[in-house]
Structures are given as C-alpha cells and as structure tokens.
Amino acid sequence: MTINVPTLISIIIYLAVMLVIGIVAARMTKDLNDYVLGGRRLGAGVAALSAGASDMSGWLMLGLPGAMYIGGMSEIWLPIGLAVGAYLNWQFVAKPLRVYTEVSKDSITVPDFFENRFRDQSKILRVVSAIVILVFFTFYTSSSLVGGAILLENSFGMNYELALWVGAAVILSYTLFGGFLAASWTDFIQGILMFLALIIIPIVAIFELGGWNETVQKIGAIDPTHLDVYSGATTIGVISLLAWGLGYFGQPHILVRFMGLKSTKDVPKARLIGMVWMILSLFGAVFVGFAGIAYFRDSPLQNAETVFIMFSQVLFNPWVAGFLLAAILSAIMSTVDSQLLVSSSALANDFYKSLFRRNASKKEEMIVGRIAVLGIAIIAILLGYDPESKVLELVSYAWAGFGAAFGPVIILSLFWKRMTRNGALAGIIVGSVTVIVWSSLKGGLFDLYELAPGFLFSSLAIIIISLIDKAPSKEVQEEFDNYRSELEQA
Amino acid sequence: MEYAITEATWAWLMVPMLSLIVLSVVTYFTEK
C-alpha cells in the first residue's frame, strides 16, 4: 500500500508523545535505582497498564486475531489461560514481592532479590539468573523487533533491514535516557491506545456486518465448526494452551512492575484495573478475528495476521487508520522497551556493578546501564537480520524458559521459609534444562507445551534439594519473619 | 438453518473471564 499523509501524521504525533515522555522521565532519573526500577514510584494505574502492555506484545493485535480468523472459537483456550495466570500473579505474587524485595536489602532486580533473599555469598545464584535473563530476553526482544519490522515493511513499504533499525531507534529514543519511568509511562499511553483500538474495531466491524446475529450466521454458513470451542481440540492441545498461564510468575519484565509500585496499598486497585484492561483487550482481539471471518468471506486474507490491519484500512478514514497503526506499534514497543531494560539491568547491575565495580559512581552506573541497553538492542537487531530465521517462533520458548526457571523459585521463596539457596539454584537449572530438552523431543506426551513439565520439575527440584539441604541461616529466617510480619501488618 | 455459537463455547468464553473480573472487584473492596 502507499502511505498517505494523514496516517503518517497520526503516527508522527504518537511518536512525538513518546519522545516527550522520555525527556521528562530522563530528568527524573538520577541513578541506577531510578533507571532500573523508577525509584519505586509507580501508581496503581501506571503499574497496572504497564504490566499488561509489557506482557502483551504484537501477538495481541496480530497473532491472536489471526488465530481466531483461521480457527474460530477453538482458539479461545490460550486467552483463558493467560487471564487466569495474570490474575493469580496479581493476587499472590504482587504484594509479597513488593514487600520482600524492599525488606531484603532493597533488591532492584530479580537476580538481586535471589542473592539477597538467600544471602548467597558465592554470587552464583545472581550470575546464573542473570545469564538466563540475557539468553532468553535477547531472543524474545529480537522476535518482537522482527514483528515490528514486518509491520513497518508492510505498512510503509520500508526495506526490512532498515525497518529493523528504525523500529529499534524509535524505542531507544525514549528508553535509552528515560529508563524504567519512560518505559512505564509510555506503556500506560500505549496500553490505552491498544485497548481503544481493540474495542473500536470489532464493534464497528460487527455493526457493518449487520449486527451480531448476522455475523454469526455468515460465519456458520462458511464453516459451522468456527462456532464451537471443541472443534479440533485435543486434550494435550487444550492443556498446552491453558498452561501458558503458568508462565506469569517468572517473567522479569512483569515482576519488576510489582517491585516498582509506590505502595502495596495500590495493589487491589492495580489488580482491578489490570484485569479489566486485559480481559476486555483479549475479548476485543478475539472478536476482531471472529468478525474477520465474516467480513472477508468473499476475498479471504492471504495472511491471517493482517486481519486487524485490513480492518483498520477498510473500515476507517486515514486519520483513524493511523491511530490504529500506532496501536499495533504500541503493543510491540511496550514489550520491547521493558525487556531491553531488564536485560540492561542484568548486565549493568548484576554483572558489572556486583561482580566488578562495587564502588562505581552513580554516573558510571548510568553510563554502563545505557551502553547495555544499546548493546542488547544491536544484538537483537542482528539476530533478526535474516527474515527467514525462526526468531519469531522463539517467543513460546522464551516464555516457557522464564516461567519454568524463575516461576517456582519466585513463588516458593515468597511462601516457604525452609527454602535454601541450593534449592533455588536447582530450580533455575532444572527448569531451564527441562524446557530446552522437552521442546526438542516430539510425539505423545512430548507434544505438551514444555512450560508445564518445566514448571513441575523445577518445583520438585526446589522442594527436594531444600529438604536435603541444611536449614537456611538464622539471618535468612529472621528476615523472612520480618517480611511476613510487615506483609500481615499491611 | 439458524447457526449459533454453542453453549459450551459461551460457557468457556464467559465463565472464566467474568469470574476473574468479579474476583478483582470483590478483592478490591475487601483488601482496599
């Protein structure tokens, strides 16, 4: 398609707003603690939408509507699994993690928390968890950038390699200097854009089709199995899709939103805002794809994932189409910026500062943090350079990697006093190895999504190794009691 | 013939999602 001026202006306005937020945030970012965790000053609304928008990548606007367009209602298992997982994370992890990370030597990253929680003098827990973050996030970020580049290529006719660099440059324009606050505030705006777009499109599309009943009749006439959640469903397939929800407890880019909250008082409100945002957005995405089956019945789409984009072009004037395109960019950018910052913190805080330069000045820390963001972005771009590469397929792998390596460790460390450092280390290693091995095996039970066995074996490893181990030191146990009493006073 | 989304589909689509929203509202008031 040729790009028209109103659409381009809409996009430029959106990018300008992001840049202004980045500049304001940069002025409030004084040290590494601000850069990595925003000095723990997120309010309920920003934390809620930032957690949601960081979590929901371009998949929400492209992949999910595309899957619905192809498979109809049999594709709703994954959104159900995700919504349940996100709720449990808000209900059982948010408040305890916010309290414990501050009680435990004011930990600002996940590896930081693991080391301080178990008073690990050897640094091994910090190093292993930082390596897991760097490996899985570099691929995860790369796949998001590839998604953005394909979008720019298809929307603006931009050369693919150029689109990769342009997409990354736009994200870096506010993330590099504005850090966590810029990422969180832009996530808030991006989350609102995503939400509005996902509500508007299906309503207008169904209205255009002659109403809800008309839409259902047209879809039924094409293929009645599109109206049935069980069509084509297998037990192992349904369990695999629902199991995605297990991944939430170990995603560092979501967990840091809990850690960055101003107060645990904000959790109930943030949880409510976050869940309403997420569920309505998921419903919106589901019905975009569903309405697409009926709307494009006479000239089926070549690429199912373009169903949202096609709707934005055929249903709306160019100004609104520009806003809707900005909403897709928002979904991609809000995930990449948060992942880049977590990866940067693993390099700057967990390797550089903790291992080599314990007495680094604030200025030095900040420079290293920014170089790390830039370096990881460049590696992610280079990984995505070959458009035929399979980097897009690595998202489910990275999600499972974090979910299995960190999820059980996070949950048990918050609720089980007897857990030991060796238990945590065993959990991270067993979880990661299970995901890597399981995903390469095929057939029968091995077709199950690797996150489920990874989560289970990691949990078992933590429990067994901790029980064999001698009990944690008095210092660790006292700190656990302090954190629980502070949580109960809350 | 008249097509309709199956009842099981409506149940799977609405029950988990609405339960989560109700839970979020209830816990908002109990924990506020």
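The following paragraphs examine the structure supplied in this document. (Residues numbered from 1 in each chain as written. Chains lettered and ligands numbered in written order. Predicted model: local features only at pLDDT ≥ 70, side-chain atom pairs only at ≥ 80, totals over all residues. Heavy atoms only, no water.)

So, on to the overall build of chain A. Along the backbone of chain A there are 21 helices and zero strands. The C-alpha radius of gyration of chain A comes to 22 Å, within 12% of the 23 Å expected for a compact globule of 490 residues. Buried positions account for 60% of the 490 residues belonging to chain A. For chain A, long-range pairs separated by at least 24 residues make up 85% of all intrachain contacts whose partners lie at least 6 apart in sequence. (Helix = DSSP H or I, 4+ residues; strand = E, 2+ residues; numbered from the N terminus. Rg over C-alpha atoms; globule rule 2.2 N^0.38 Å. Buried < 20%, exposed > 50% of the residue type's maximum accessible area, 1.4 Å probe, protein only. Contact = heavy atoms within 4.5 Å.)

Residues and elements named next belong to chain A. Applying the stated rule across the entire model yields 16 salt bridges over all chains. A salt bridge links Asp 112 to Arg 126, with the nearest nitrogen and oxygen atoms 2.9 Å apart. Residue Asp 112 is located in helix α7 (residues 110-117), and its partner Arg 126 is located in helix α8 (residues 124-156); the two are separated by 14 residues in the primary sequence. Accessibility expressed as a relative area gives 4% for Arg 126, which makes it buried. A salt bridge links Glu 115 to Arg 126, with the shortest nitrogen-to-oxygen separation between them at 2.9 Å. (Salt bridge = Lys/Arg side-chain N within 4 Å of Asp/Glu carboxyl O.)

All names here are of chain A. At a minimum axis distance of 9 Å, the contact between helix α3 (residues 44-55) and helix α12 (residues 252-259) shows a crossing angle of 175°. The angle between α3 and α12 places the two elements in the roughly antiparallel class. Facing α3, whose interface residues are Ala 47, Ser 50, Ala 51, Ser 54 and Asp 55, α12 presents His 253, Ile 254 and Arg 257. (Axes fitted to C-alpha atoms, helices over the stretch in contact; angles between N-to-C directions. Parallel < 35°, antiparallel > 145°, perpendicular 65-115°, else oblique.)

The next point concerns the interface of chain B and chain A. Where interface size is given, it is often the accessible area lost as the parts come together that is meant. Contact with chain B, which involves 23 residues of that partner, is made by 32 residues of chain A. For the pair chain B and chain A, the summed buried surface comes to about 2,500 Å²; carbon and sulfur atoms form 75% of the total. The three residues of chain B that bury the most area against chain A are B:Tyr3, B:Trp12 and B:Met17, which together make up 28% of that side's buried surface. Counting across the interface, chain B meets chain A through two salt bridges. Notably, a salt bridge pairs B:Glu31 with A:Lys95, separated by 3.3 Å at the nearest N-O pair. Joining chain B to chain A, the criterion identifies ten residue pairs in polar contact (both at pLDDT 80 or more). (Buried area = accessible area lost by both parts, 1.4 Å probe. Polar contact = N/O pair within 3.5 Å; in protein donor to acceptor, adjacent residues only side chain to side chain.)

Residues and elements named next belong to chain A. Overall, the coordinates contain 28 aromatic pairs over all chains when judged by the stated rule. Taking the centre distance of 6.0 Å and the plane angle of 75° together, the rings of Tyr 100 and Phe 480 count as edge-to-face. Highlighted residues: Tyr 100 in helix α6 (residues 94-103) and Phe 480 in helix α21 (residues 474-489), separated in sequence by 380 residues. Using a relative accessible area of 0% as the deciding quantity, one classes Tyr 100 as buried. What makes Phe 480 buried here is its relative accessible area of 6%. Both rings, one in Phe 402 and one in Phe 406, keep their centres 5.9 Å apart while their planes meet at 35°; by these two values the pair is tilted. According to the relative accessible area criterion, Phe 402 is buried, its value standing at 0%. Among the aromatic residues, those joined into a ring-pair cluster are Tyr 100, Phe 113, Phe 114, Phe 136, Phe 137, Tyr 140, Tyr 397, Phe 402, Phe 406, Phe 480 and Tyr 483. (Phe/Tyr/Trp six-rings, centres within 6.5 Å; stacked < 30°, edge-to-face > 60°.)

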